[in-house]
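So the chains spell out like this:
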Amino acid sequence: MLEGITRESIGTASAKKLRRDGYLTANIYANGVENIQAAFKRGDFMKAVRRKEELTLGLTVDGKELKVVIQEYQLHPVHGDVVHVDLRVAVPGQVTNYLVPVYTTGTPKGLKNKGVLQIQKKRMKVRGAIEDVPNNFTLDVTALDRDDSILVRDIETPANCRLMDRADVAVVGVIKAK
């Protein structure tokens, strides 16, 4: 369980001071939940995000235990470190949009025919309650030959969930190598 602190003052100067001390600033919010301005140790946050196996991330801020989903993050323009993160509280039963990661398994047979596997969508927008949304989409790409692709409409979603991306958009495909 990741532990964080509540920020007392909200502003640029206090955020810069926290970043200098090795903290990552965060906004925690949801519909019907009071917004929380928090800060986490940058290293601990990154380890927790890489270690998580579910879509949600468990954390504690001032004694409150929350299950959150990473909604958006901001990177430093020069060295690429995460500077700020927006976390959405996963309220059970509340229908909202979530970004679910897409993973591939297998080696496409089109790679032997001078093709290259191209992943167009790394995350897909899914609308549903958090208990119905899958942790990830795992796509088997072994049957893909050159100039074949898997579209959004080819992906099966659980009951009570809906894909919000256009149905004719390619998720992964094998294209001709140059």
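Below is a short write-up of the structure.

The rules we used
Residues numbered from 1 in each chain as written. Predicted model: local features only at pLDDT ≥ 70, side-chain atom pairs only at ≥ 80, totals over all residues. Heavy atoms only, no water. Phe/Tyr/Trp six-rings, centres within 6.5 Å; stacked < 30°, edge-to-face > 60°. Lys NZ or Arg CZ within 6 Å of the ring centre and 35° of its normal. Helix = DSSP H or I, 4+ residues; strand = E, 2+ residues; numbered from the N terminus. Buried < 20%, exposed > 50% of the residue type's maximum accessible area, 1.4 Å probe, protein only. Contact = heavy atoms within 4.5 Å. Pairing = 2+ DSSP bridges. Arc of directions from axis to C-beta. Core = buried A, V, L, I, M, F, W, Y, C linked by side-chain atoms within 4.5 Å.

## Structural notes on the packing of aromatic side chains
Part 1: On inspection of all chains with the given rule, the structure shows 1 aromatic pair.
Part 2: The ring of Y23 is capped by K41, whose NZ or CZ atom sits 4.7 Å from the centre of that ring.

## Comments concerning the environment of V85
Part 1: Along the chain, the position of V85 falls in strand 6 (residues 82–89).
Part 2: Classification of V85 by relative accessible area gives buried; the value is 1%.
Part 3: For the pair V85 and Q71, spaced 14 residues apart in sequence, the C-alpha to C-alpha distance is 7.7 Å.
Part 4: Non-local contacts of V85, meaning those with residues more than four positions away in its chain, are made with L24, T25, A26, N27, F45, I70, E72 and Y73.

## Observations concerning the pairing of strand 3 (residues 33–41)
Part 1: Inspection of the sheet shows strand 1 (residues 2–6) paired to strand 3 by 2 bridges, in the antiparallel sense. The partner of T6 across the bridge, within strand 3, is A38.
Part 2: Counted between consecutive antiparallel strands, the loop separating strand 2 (residues 23–30) from strand 3 contains 2 residues, among which G32 sits at a positive phi close to 90 degrees.

## Let's talk about helix 1 (residues 12–20)
Part 1: When we look at burial in helix 1, the residues that qualify are S14, A15 and L18. Projected onto a plane normal to the axis of helix 1, the buried residues spread over an arc of 100 degrees and lie on a single side. Exposed positions of helix 1 whose direction lies more than 90 degrees from the buried face are T12, A13, K17 and R20.
Part 2: Looking one or two places after helix 1, you find G22, whose phi comes out positive at around 95 degrees.

## Things to note about the nonpolar core
Part 1: Ranked by size, the top nonpolar core spans 22 residues in total, and within it M124, F137, I155 and V171 carry the most contacts.
Part 2: For this core, the secondary-structure elements that each account for two or more residues are strand 7 (96–105), strand 9 (123–128), strand 10 (137–140) and strand 13 (170–176).
Part 3: Leave out the neighbours within four places in its chain, and F137 touches V100, P101, V102, Y103, M124, V126, I155, E156, T157 and L163.
Part 4: By size, the runner-up hydrophobic cluster in this structure holds 19 residues, among which are A30, F45, V68 and V82.

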